[in-house]
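Close look at the chain arrangement
So you can see what is in the structure, the chains are spelled out below.
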Amino acid sequence: MKIVSYSCKPYDKQALNHVFDSAWQSLYLDVPLNLDSIGCALGAEVVTVFVNDRLDAEVLTRLADGGTKLLALRCAGFNHVDLACAKSLGLSVVRVPDYSPYAVAEHTLGLMLALNRKLYRAYNRVREGNFSLNGMLGFDMHGKTIGIIGAGRIGRLVGLMLKAFGCRILVHDPYETQVCQTLGFEQVALETIWRESDVISLHCPLTDETRGLIQAQSIVQMKKGVMLINTGRGDLISTPDVIAALKSKQIGYLGLDVYEKEGALFFEDHSDEIILDDVFERLLTFPNVLVTGHQAYFTQEALSHIAETTRDNILAYQKKAPLLNRL
Ligand code: NAI
């Protein structure tokens, strides 16, 4: 069976190669799946992909025409897949529903603490022999109100970690009501999150309902100087509106691991190029903005889990067993 894996960096290849059946004819490609690279998938019964691969109707149709039967996402989010089209083409789609909620939750805390205590500035200052504390003033997390949007695996962990800091945890999740009470979180409306939170952290999926959740009308309802953290998906935020709020100081801190146009930037080395995305470049000019390149998930444990679940998904397909992680 031929399996082509796109967007495979050396660390992905190593993890997949370690667990894939040696009888499989596996091809690992560093490039993303798009119309330029799709030719490599010709005759591949299984194609595996990651978060920024192109999976619209045109690409899916070409895959199906080329003989692909199973599309194995090596990620949890599937907002980039035209599922209705895949279904109509008879293409099964499976995913890795959770690889390490701990990895993402811990990175989220890392962004909050680094922004609050300006650790990224301290790193540079101290190396230059500048031990001045001017501009480094932080605040106690203890006693602060944290608004978590999306109380799934990651959001709940973030809440529990911050509860240990002595924070008050507000949660907004229209589909998850039971768990929050038992964990000691307060289940509230979005308006309460905006009004009362000192820190807002996004952990809901990207859907039609959540796209552009953070934009001018919601930002204006937030506390002046709020900290906003997004490790969910870039399109949850309108970046131009957030930039305007950073300029007016309505947003006091911004931590991003995802960005709406990250597909053109993230996971690649562009250090020798001129980056043409002016919105992204403007973000980087603020001293109170910290951006990481979709690395929240990136731990040894998560990579192993992604590889093992992808292998199990493919094995289930091969054995005609039920596809437990089917979308
Ligand atoms: P999950 O499915 O366990 O939890 C998502 C929660 O969001 C659910 O409880 C759901 O009810 C809730 N939700 C759905 N619609 C909502 C809405 N309109 N408002 C508020 N809540 C809503 O997912 P998990 O594992 O916690 O992941 C959350 C998100 O984190 C993923 O959808 C993905 O976009 C992102 N993610 C980011 C990674 C990174 O490396 N930066 C890695 C893995 C996931």
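Residues numbered from 1 in each chain as written. Predicted model: local features only at pLDDT ≥ 70, side-chain atom pairs only at ≥ 80, totals over all residues. Heavy atoms only, no water.

Overview of the state of the cysteines
Applied cut-off: Any two cysteine sulfur atoms within 2.5 Å of one another count as a disulfide.
Here the structure, examined in full by the defined rule, presents 0 disulfides. With no disulfide of its own, C40 lies closest to C8 among cysteine sulfurs, the gap being 13 Å. You can see C204 has no disulfide; the closest cysteine sulfur is in C180, sitting 13 Å from it.

Considering the site of the ligand
Quick reminder of the rule: By convention in these notes, a residue is near a molecule or strand provided one of its non-hydrogen atoms lies within 4 Å of it. For the purposes of these results, a polar contact is taken to be a pair of N or O atoms within 3.5 Å, where, inside protein, one atom must be able to donate a hydrogen and its partner to accept one; residues adjacent in sequence count only when each atom of the pair is a side-chain atom. What sets the accessible areas is the Shrake-Rupley method with a 1.4 Å probe; for residues, cover comes only from the shown protein chains. Lys, Arg, Asp and Glu make up the charged group, whereas Ala, Val, Leu, Ile, Met, Phe, Trp, Tyr, Cys and Pro make up the nonpolar group; the residues left over, Gly among them, are polar.
Every one of the 24 residues lining the ligand counts as a neighbour, but R153, I154, D173, T231 and D257 are closest to it. D173 is positioned such that a nitrogen or oxygen atom in its side chain is 2.6 Å from an oxygen atom of the ligand. Between the ligand and D257 there is a distance of 3.0 Å, counted from a nitrogen atom to a side-chain nitrogen or oxygen. The protein chains hide 87% of the 870 Å² of surface that the ligand would expose on its own. When its residues are assigned to classes, the shell around the ligand shows 11 nonpolar, 8 polar and 5 charged.

What about the packing of helix α1 (residues 10-19) against helix α12 (residues 300-318)?
Between two packed helices, the angle of one axis relative to the other and the distance separating the axes together describe the packing. This is how it is decided: Only the stretch in contact is used when fitting a helix axis, every axis being a line fitted to C-alpha atoms; angles between N-to-C directions are given from 0 to 180 degrees. Numbered from the N terminus, helices here are DSSP runs of H or I no shorter than four residues, and strands are runs of E no shorter than two. Angular relationships are summarised with four words: roughly parallel below 35 degrees, roughly antiparallel beyond 145, roughly perpendicular across 65 to 115, and oblique for the angles in between. Take the far helix as your reference; a near helix turned counterclockwise from it by less than a right angle gives a left-handed crossing, and one turned clockwise gives a right-handed crossing. The criterion used for residue contact is that any of the two residues' heavy atoms lie within 4.5 Å.
Packing of α1 against α12 leaves a shortest axis separation of 9 Å and a crossing angle of 50 degrees. Considering their axes alone, α1 and α12 lie oblique with respect to each other. As α1 runs across α12, the sense of the crossing is right-handed. Contacts between α1 and α12 involve Y11, D12, A15, L16 and V19 from the first element and L303, A307, E308, T310 and R311 from the second. For the contact of α1 with α12, the class distribution of residues is 6 nonpolar, 1 polar and 3 charged.

A word on the domain arrangement of the protein chain
Condition: Throughout the structure description, domain borders are defined by an automatic or database domain assignment. A 1.4 Å probe defines the accessible area here, and the buried area is the portion of it lost by two parts on being joined, summed over both. By salt bridge we mean one thing: a side-chain nitrogen of Lys or Arg within 4 Å of a carboxyl oxygen of Asp or Glu.
The assigned domain composition of the protein chain is domain 1 (2-99 + 300-318) and domain 2 (101-291). If you average the C-alpha positions of domain 1 and of domain 2, the two centres end up 30 Å apart. Taken together, the contact between domain 1 and domain 2 spans 10 residues of the former and 8 residues of the latter. Between domain 1 and domain 2, a total of about 870 Å² is buried, with carbon and sulfur atoms accounting for 50% of that surface. Considering only the surface of domain 1 that becomes buried against domain 2, K9, N52 and N79 emerge as the three largest contributors, covering 48% of it. When the shortest N-O distance is used, the salt bridge between R153 and D98 registers 3.9 Å. Linking domain 1 with domain 2 are 3 residue pairs in polar contact (both at pLDDT 80 or more). Residues belonging to the side of domain 1 that touches domain 2 are distributed by class as follows: 4 nonpolar, 3 polar and 3 charged.

Thoughts on the pattern of salt bridges
Overall, the coordinates contain 12 salt bridges when judged by the stated rule. Ionic pairing is found between K9 and D30, a salt bridge with its closest N-O pair at 2.4 Å. Here K9 is found in the loop between β1 (2-5) and α1, whereas its partner D30 is found in the loop between β2 (25-28) and β3 (46-49), with 21 residues between them in sequence.

Points about the packing of aromatic side chains
Short version of the rule: Working definition: a ring pair exists when centres of Phe, Tyr or Trp rings (six-membered ring for Trp) sit within 6.5 Å. Plane angles under 30 degrees give stacked, over 60 give edge-to-face, the rest tilted. Each residue's exposure class comes from its accessible area (1.4 Å probe, protein chains only) as a fraction of the maximum for that residue type: buried when under 20%, exposed when over 50%, partly exposed otherwise.
Applying the stated criterion across every chain yields a total of 10 aromatic pairs. Considering the side-chain rings of F50 and Y297, the 5.4 Å spacing of their centres and the 55 degrees angle between planes classify their relative orientation as tilted. One end of the pair, F50, is in the loop between β3 and α2 (57-65); the other, Y297, is in the loop between β12 (289-291) and α12, with 247 residues separating them in the sequence. Considered together, F50 and Y297 belong to a single accessibility category, that of buried residues. Each ring, one from F266 and one from F280, has its centre 6.1 Å from the other, and the planes form 70 degrees; the classification is edge-to-face. Of this pair, F266 sits in the loop between β11 (251-256) and α11 (278-283) while F280 sits in helix α11, and the two are 14 residues apart along the sequence. With a relative accessible area of 9%, F266 lands in the buried category.

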